Amino acid sequence: MDETVAQPILSAAERKHRAKRFNEGLKLAATLLNSSAIATIGIAVINPIAQRHLDLLADGGWTLLIAAVVLHVMAQIIIRFLRQED
C-alpha cells in the first residue's frame with residue numbers, strides 16, 4: 001500500500017515565521033565564520049609583530065591569511081541560502 005501523508009497547508013504568517021527563523025540561523029552561522037576570519041587575520045598580523053618579525057608572510061603567516069579568506073568566502077556562500085520572508 002502506498003500511503004502518503006498530506007502536508008498541512010501553512011498560512012502566510014507561519015511561512016514567514018519559519019523563513020525568519022531559518023534566516024536567523026543562517027545569519028548566525030555567517031557571523032560566526034566572519035568573526036573567525038577576523039580573528040585569524042588578527043593572529044596573522046599580531047603574532048609576527050609580537051615576535052618582532054616584520055615579514056607577515058614568513059613562518060606560515062600566508063596560510064593564516066588564506067584561511068581567513070576561505071572563512072569569509074564560506075560565510076558569503078551561506079548568505080546566498082537566505083529565504084524570502086514574504
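Our subject is the structure listed above.
Residues numbered from 1 in each chain as written. Predicted model: local features only at pLDDT ≥ 70, side-chain atom pairs only at ≥ 80, totals over all residues. Heavy atoms only, no water.

1. Some thoughts on the overall build of the protein chain
Of the regular secondary structure elements, the protein chain holds two helices and zero strands. Over its C-alpha atoms the protein chain spans a radius of gyration of 21 Å, topping by over 25% the 12 Å that the globule rule assigns to 86 residues. Considering only C-alpha atoms, the protein chain reaches an extent of 70 × 35 × 15 Å along its principal axes. Relative to its 86 residues, the protein chain shows a buried fraction of 16%. Accessible surface, the protein chain as shown: approximately 7,000 Å² in total, 64% of it carbon and sulfur. Looking at charge distribution, the protein chain has the averaged site of its 9 positive side-chain charges lying 8 Å from that of its 8 negative ones. (Helix = DSSP H or I, 4+ residues; strand = E, 2+ residues; numbered from the N terminus. Rg over C-alpha atoms; globule rule 2.2 N^0.38 Å. Buried < 20%, exposed > 50% of the residue type's maximum accessible area, 1.4 Å probe, protein only. Areas by Shrake-Rupley, 256 points an atom, 1.4 Å probe, with all protein chains shown as cover. Lys, Arg positive; Asp, Glu negative; His and termini not counted. Charge placed at Lys NZ, Arg CZ, Asp CG, Glu CD.)

2. Comments concerning the pattern of salt bridges
Side-chain pairs of opposite charge can arise where the charged atoms are in close proximity. Under the defined criterion, the tally for this structure stands at three salt bridges. In this structure, the salt-bridge partner of glutamate 14 is arginine 18, at a minimum N-O distance of 3.1 Å. With glutamate 14 and arginine 18 both in helix H1 (residues 12-50) and four residues apart, the pair spans about one turn of that helix. Note on glutamate 14: relative accessible area 30%, which makes it partly exposed. With a relative accessible area of 47%, arginine 18 lands in the partly exposed category. (Salt bridge = Lys/Arg side-chain N within 4 Å of Asp/Glu carboxyl O.)

3. Points about H1
Along its 39 residues, H1 runs 56 Å from first to last C-alpha, staying within 8% of the 57 Å computed at 1.5 Å per residue. Of the residues making up H1, those classed as buried are Ala19, Asn23, Leu26, Ala30, Leu33, Ala37, Thr40, Ala44 and Pro48. Here the buried face of H1 lies against helix H2 (61-79). After H1 finishes, the residue arginine 52 shows a positive phi value of roughly 65 degrees. (Expected span 1.5 Å × (residues − 1). Contact = heavy atoms within 4.5 Å.)

4. Regarding the environment of valine 73
Of note, valine 73 is situated in helix H2. A C-alpha to C-alpha distance of 26 Å links valine 73 and arginine 18, two positions 55 residues apart in sequence.

5. Focus on the nonpolar core
In terms of nonpolar packing, the biggest core is built from eight residues, these being Leu26, Ala30, Leu33, Ala37, Ala68, Leu71, Ala75 and Ile78. Setting aside anything within four residues of it in sequence, one finds alanine 30 in contact with Ala75, Ile78 and Ile79. (Core = buried A, V, L, I, M, F, W, Y, C linked by side-chain atoms within 4.5 Å.)

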